[in-house]
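Survey of secondary and tertiary structure
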Amino acid sequence: MKVGFGSDHAGIELKLQLMEYLKEKGYECTDYGNYDPNDRGDDYPVPGRLVAEAVARGEVEKGVLVCGTGLGISLAANKVPGIRAAVCSEPYTAQMAVRHNNCQILSMGARVVGRDLAKMIVDSFFGASFEGGRHAARVDMISQIETDYGKCR
Ligand code: RB5
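Quick caveat, the model's predicted, so the values are computed rather than measured. (Residues numbered from 1 in each chain as written. Predicted model: local features only at pLDDT ≥ 70, side-chain atom pairs only at ≥ 80, totals over all residues. Heavy atoms only, no water.)

**A closer look at the pairing of strand E3 (residues 62-67)**
Counted residue by residue, E3 has 6 buried out of 6 residues, so it is predominantly covered. Here E3 shows two buried faces, one formed by Lys62, Val64 and Val66 and the other by Gly63, Leu65 and Cys67. With 5 bridges joining them, strand E1 (residues 2-7) and E3 adopt parallel strand pairing. Paired with Val3 across the strands is Lys62, a residue of E3. (Buried < 20%, exposed > 50% of the residue type's maximum accessible area, 1.4 Å probe, protein only. Helix = DSSP H or I, 4+ residues; strand = E, 2+ residues; numbered from the N terminus. Pairing = 2+ DSSP bridges.)

This is the structure we're talking about:
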């Protein structure tokens, strides 16, 4: 599976650790930036958007985003139509984000979770499958909101 990674300066170290972790498990990992941990002026919406767009156009199947809290970068990713990015700080939510919400992107806060917990969260996210059925109908309702607001523009 191809996975896109993105982070701001706050998340670079954890992002690189998680890339190595998933590479060892056989995933094909691409880094969409940012790249300089000392550039404290970099902006999390940039990598959030890049990874989300890569998922939306099918360049990668899933994404992993990391910023300080996991929030800002997920908010940016979720603005890309069709993208569902979940901020997770424990494995249960990460698993359910896939099983019930069909999320394609996992977002985490490097200032919230440590490396080993982040790996457990990643394992739960990538080990889960969407259950479909009644959950698919609900995910479709989320998409409908995008469609409805798109018509207003
Ligand atoms: C950067 O200091 C911080 O604001 C960012 O990494 C993130 O936590 C924003 O949501």
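From this point, things continue past the structure.
**Let's talk about the site of the ligand**
In the vicinity of the ligand, the residues found are Asp8, His9, Ala10, Tyr44, Cys67, Gly68, Thr69, Gly72 and Arg111. A distance of 2.6 Å separates an oxygen atom of the ligand from a polar side-chain atom of Asp8. The contact in question runs from an oxygen atom of the ligand to an N or O atom on the backbone of Thr69, over 2.9 Å. Out of a free accessible area of 290 Å², the ligand has 72% covered by protein chains. (Near = heavy atom within 4 Å. Polar contact = N/O pair within 3.5 Å; in protein donor to acceptor, adjacent residues only side chain to side chain. Areas by Shrake-Rupley, 256 points an atom, 1.4 Å probe, with all protein chains shown as cover.)

**Quick notes on the pattern of salt bridges**
Considering all chains together, one arrives at 7 salt bridges under this definition. Salt-bridge contacts for Lys15 lead to Asp31; the nearest nitrogen and oxygen are separated by 2.9 Å. Of the two residues, Lys15 sits in helix H1 (residues 12-24) while Asp31 sits in strand E2 (residues 28-31), which places them 16 residues apart along the sequence. Accessibility classification places Lys15 together with Asp31 in one group, the buried group. One salt bridge connects Arg99 with Glu131, and the closest N-O pair in it is separated by 2.6 Å. One end of the pair, Arg99, is in helix H4 (residues 91-99); the other, Glu131, is in the loop between helix H5 (115-127) and helix H6 (134-152), and 32 residues separate them in sequence. The exposure class of Arg99 is partly exposed, given its relative accessible area of 28%. Residue Glu131 is classed as partly exposed on the basis of its relative accessible area, which comes to 40%. (Salt bridge = Lys/Arg side-chain N within 4 Å of Asp/Glu carboxyl O.)

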